[in-house]
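# Results of the structural survey
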Amino acid sequence: MTGSTGERLKGFFSVFRFSRRAVALVWQTNRRLTLILAVLTLVAGVLPAAAAWVGKLIVDGVVAAIASPDPSASGLLWLVALEGLIIGAIAGAQTGISVCQELLRAQLGHRVNVMILEKALTLDLAQFEDSEFYDKLTRARREASSRPLSLVIRTFGLIQNMIAIVSFGALLWQFSPLAVLILAFGGIPAFIAEVKYSGAAFRLFYWRSPETRKQMYLETVLAREDYAKEVKLFQLGPLLLGRYRQIFRDLYLEDRQLTLRRGFWGFVLGLIGTAALYGSYVWVVLSAVAQRITLGQMTMYMMVFKQGQSAVSASLNAINGMYDDNLYLSNLYEFLEQPGRDWPGKETVGLDADAGLVFRGVTFRYPGAETAALDGVDLEVRPGESLAIVGSNGSGKTTLVKLLTGLYEPQDGQILYQGRPLATWDRATLQQRFAVIFQDFARYQLLLGENIGAGDVAAFGDPDRWARAGSQGMVDDFIEELPAGFQTQLGKWFQDGRELSGGQWQKVALARAFMRESAEVLVLDEPTAAMDAEAEARIFEHFRSLARDKITLLISHRFSTVRMADRIVVIERGRIVERGSHGELMDLDGRYARLFRLQARGYREE
C-alpha cells in the first residue's frame, strides 16, 4: 500500500469519529423511538432471507407435487401463507422504520438547532463580527441540523443490510464459497468512485461558504421590507439580482462538473457489479441444467444474488453516506466547540458605591486592525454626573460603550465600576446595573409592550412595568394612535403589524432602557438621531429629571444636546483630545468650539 493510499484510507476512516456522537445525540433525543427503530431494523434484516428460503421450499414442493402420482397442494398452501406473513412483516417493519425516522427527524432537527442557538448565546460580540465565524455558523445551520439523523438512519440501514448479507451468505455458502465472495465484492468499484467524489463535494461546499453567504444576504436585501424602499428607489433590484444569478452560475458550473464526473465513473464502475450479478446467474442456471441443484434452489439462489447485491450496494452506499454525513457533522461540532470567552467574575457588590466608573489607560484594537480603536483612554464619572462623548465617525465612541458594557475586553488598561474591575463582577449582576440604548438598537417584530419589556427579561410580560417605562420614554405621545395600545404588533412581518416612524422607534428604545429600574448607569448612543429638534429637547429635559442620581453617558452629534451634560470629552482616533464643561471647551477654542460654531451656523442659516 502506497503512502498516499494509506493517507487516504486514514482520512476516510478518521471522519467516522463523529458517528458515536451522532448516535448518542439521537439516543438522548428519544430513547424509546431509537430502540424501536433498532428492533425493526433487525427484523427487516433477517426476514428477506427467510422469505427466499420459503420460496425455495414452495418451488421444490410444486416440482415434487407435479412428479407425484398423487399430488396434494395442502402443504404448499401453508408455505404460501407463511411467505405471505413474512412479506407482510417485512412491509410492516419498513413502514415502522419510516415512521420512526420521520418522528426522530422532527425532534432531532429541533434539538440540533437549539444546540446551535444555545452555543451562539455563549459567544462574544467579536465573534459575531468575524466573517470566518459567520462561515462556520452558515455551514453548521445549512446542513448539520439534518445530518445527525441521516447518519443514524444510515447506520441502522447498514446494520439491516449487513444482517441480510450474512443471511444471504449463509444460503449461498451451500452453493459455493466463491459465490459469497462475488456477492461481497461486486459493488466495491462503484463504492470507491462514490467515496472519492463525496470528499470532493464536501471540500467544494466547505470552501465556497462565503459565496453562499453572499447569496443569502442578497436574498435578504431583495426580499426584506427594511431594504425595499431603497432597492426600489435606487433601482438596485436588477443589479443585485444579477449578482445573485452570477453567483449561482459560478457555483452551478462547479457542481455540474463534479456531478458529471461522479455520474460517469459511478456508471462505468457499476457495470462491474452488474457483470458479476449476471455472471452468477449464468453459473446458477448452468448448475440447474446439470441437475447439481434443484429448480427451487436455482430460484432461491437467483433471488439471493439479486437481493444480496442490492444489500451490498445499499451497505456500501450507506458507508459512503456515513462518510459524507461525518464530513458535514464536522461543521456542526467545529461550531459547537468554538471557544467562548470565560467570564470569571462572581462579585455582586461594589467596594465603593461613590467610586462610579473609571477608565485607566484603556486600549483596544479590533482583530485584524492595524490601529487601535481606543488608545490609552482615562475617564472618571461619578454617580449623579452626566458625561457627553463627541467625535467624528470612527473615532471610538461606540467602541468605548461596548467595552464599558463588557461586550469587549480591553487589551491594555482597566475599567472599574464601584472600585472593582469589570471582569471581577458577576456578569448578570453587572448587566443589571447598566441600561443601554445603542445607535443601531433592535426593532423587534413583537408586541409594543414586549419591545419595551425586552429591557428587563424578569418583567418581560408585565403590563404595569410597560406602562411605567413607556411613560418615562415618552411613548405616551403616540400610543393612543395604535389600535391595541401596548398589545399592538409592531413591524410588518406578522399579521396586523404596525410600522412606527424612526422617532417613535427611538422612544420605544428609550422606554426599553427605563424598563431596567435597577440600572445605575444609563448609556445613550445617539438616542434621538431620528427625532426632530423639538422632540429631542423635550426628551432630554425629561431625561435629566429622571436620571439625577445615576451615571449618564451620552453620545450625540447634536451639540445642542451635548451642552446639557456636566462634562464633555472629545475623542479623535481613539484618544481623548479635549475635556471639560461646555463653557470650558468654548473658552479653549479648540476642536469642540469649532464644531459647535459650525453646527450653530447651520441652524442660523436655516
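Going by the structure above, here's the rest.
The following refers to the structure shown. (Residues numbered from 1 in each chain as written. Predicted model: local features only at pLDDT ≥ 70, side-chain atom pairs only at ≥ 80, totals over all residues. Heavy atoms only, no water.)

### Observations concerning helix H19 (residues 502–515)
Taking 1.5 Å as the rise per residue, H19 with 14 residues should run 20 Å; its terminal C-alpha atoms sit 20 Å apart, in good agreement. Counting buried positions along H19 gives 13 out of 14 residues, so the element sits mostly inside the fold. (Helix = DSSP H or I, 4+ residues; strand = E, 2+ residues; numbered from the N terminus. Expected span 1.5 Å × (residues − 1). Buried < 20%, exposed > 50% of the residue type's maximum accessible area, 1.4 Å probe, protein only.)

### Concerning the packing of helix H2 (residues 19–29) against helix H7 (residues 147–173)
Following both chains from N to C, one finds H2 and H7 inclined at 100°, their axes separated by 9 Å at the closest point. One way to sum up the angle between H2 and H7 is to call them roughly perpendicular. Mapping the contact onto sequence places Ser-19, Ala-22, Val-23, Leu-25 and Val-26 in H2 and Pro-148, Leu-149, Leu-151 and Val-152 in H7. The residue makeup of the contact of H2 with H7, split by class, is eight nonpolar, one polar and no charged. (Axes fitted to C-alpha atoms, helices over the stretch in contact; angles between N-to-C directions. Parallel < 35°, antiparallel > 145°, perpendicular 65-115°, else oblique. Contact = heavy atoms within 4.5 Å. Nonpolar A, V, L, I, M, F, W, Y, C, P; charged D, E, K, R; others polar.)

### A word on the environment of Thr-348
One can find Thr-348 in the loop between helix H13 (295–336) and strand S1 (357–364). Residue Thr-348 is classed as partly exposed on the basis of its relative accessible area of 42%. Excluding residues within four positions of it along the chain, Thr-348 makes contact with Trp-425, Asp-426, Thr-429 and Arg-433.

### Brief notes about the pattern of salt bridges
Per the counting criterion, the structure on display carries 12 salt bridges. In this structure, Glu-517 engages Arg-468 in a salt bridge whose closest nitrogen and oxygen atoms are separated by 2.7 Å. With Glu-517 in the loop between H19 and strand S7 (521–525) and Arg-468 in helix H17 (residues 463–472), this pair connects stretches of sequence that are 49 residues apart. The class for Arg-468 is partly exposed, based on a relative accessible area of 39%. Close ionic contact of Arg-597 with Asp-589 constitutes a salt bridge, the shortest N to O distance being 2.7 Å. We classify Arg-597 as partly exposed; its relative accessible area is 36%. Each of the salt bridges in this network shares a partner with another, and the network as a whole consists of Asp-456, Arg-465, Arg-468 and Glu-517. (Salt bridge = Lys/Arg side-chain N within 4 Å of Asp/Glu carboxyl O.)

### Observations regarding H2
Spacing of three or four residues puts side chains on the same side of an α-helix, whose turn is 3.6 residues. Buried within H2 are the following residues: Ser-19, Ala-22, Leu-25, Val-26 and Thr-29. Burial along H2 is one-sided: seen end-on, the buried residues are contained in an arc of 125°. (Arc of directions from axis to C-beta.)

### Remarks on the sheet that holds strand S10 (residues 575–580)
The strands making up a sheet are joined through hydrogen bonds of the backbone, oriented either antiparallel or parallel. In spatial order, the strands read S6-S7-S8-S3-S9-S10; together these six strands make up an open sheet with mixed pairing. At either end of the open sheet lies a strand with only one pairing partner, and these are strand S6 (434–437) and S10. Averaged over all adjacent pairs, the angle separating strand axes in this sheet is 15°, with direction ignored. Inspection of the sheet shows S6 paired to S7 by four bridges, in the parallel sense. (Pairing = 2+ DSSP bridges.)

### Topic: a nonpolar patch on the surface
A cluster of nonpolar side chains, contributed by Phe-264, Trp-265, Phe-267, Val-268 and Leu-271, occupies part of the molecular surface with about 500 Å² of accessible area. Classification of Phe-267 by relative accessible area gives exposed; the value is 56%. (Patch = residues over 30% accessible without salt bridge, like charges linked within 9 Å, V, L, I, M, F, W, Y side chains within 5 Å. Areas by Shrake-Rupley, 256 points an atom, 1.4 Å probe, with all protein chains shown as cover.)

### Here we look at the sheet that holds S1
Spatially, S2-S1-S4-S5 is the arrangement adopted by the four strands of the open sheet, whose pairing is antiparallel. Of all the strands in the sheet, the pair left with one neighbour each is strand S2 (374–381) and strand S5 (420–421). Strand direction decides the pairing type here: S1 and strand S4 (residues 412–417), joined by five bridges, are antiparallel. In the strand pairing of S4, Phe-359 is matched with Ile-415. Lying on the sheet, helix H14 (residues 397–404) is in contact with S1, S2 and S4; it crosses S1 at an angle near 115°.

### Section: the nonpolar core
Among the nonpolar cores identified, the biggest contains 33 residues, and Ile-116, Leu-329, Leu-332, Tyr-333 and Phe-335 are the most heavily contacted of them. Counting only elements with at least two residues in this core, the list comes to H2, helix H3 (31–67), helix H4 (74–122), helix H6 (131–144), H7 and H13. Among the elements that make up this core, the one with the highest residue count is H4 (eight residues). With residues up to four places along the chain from it excluded, the contact list for Phe-335 reads Ile-116, Lys-119, Ala-120, Leu-123, Phe-133, Lys-136, Leu-137 and Ala-140. By size, the runner-up hydrophobic cluster in this structure holds 31 residues, among which are Trp-343, Ile-389, Ile-555 and Ile-571. (Core = buried A, V, L, I, M, F, W, Y, C linked by side-chain atoms within 4.5 Å.)

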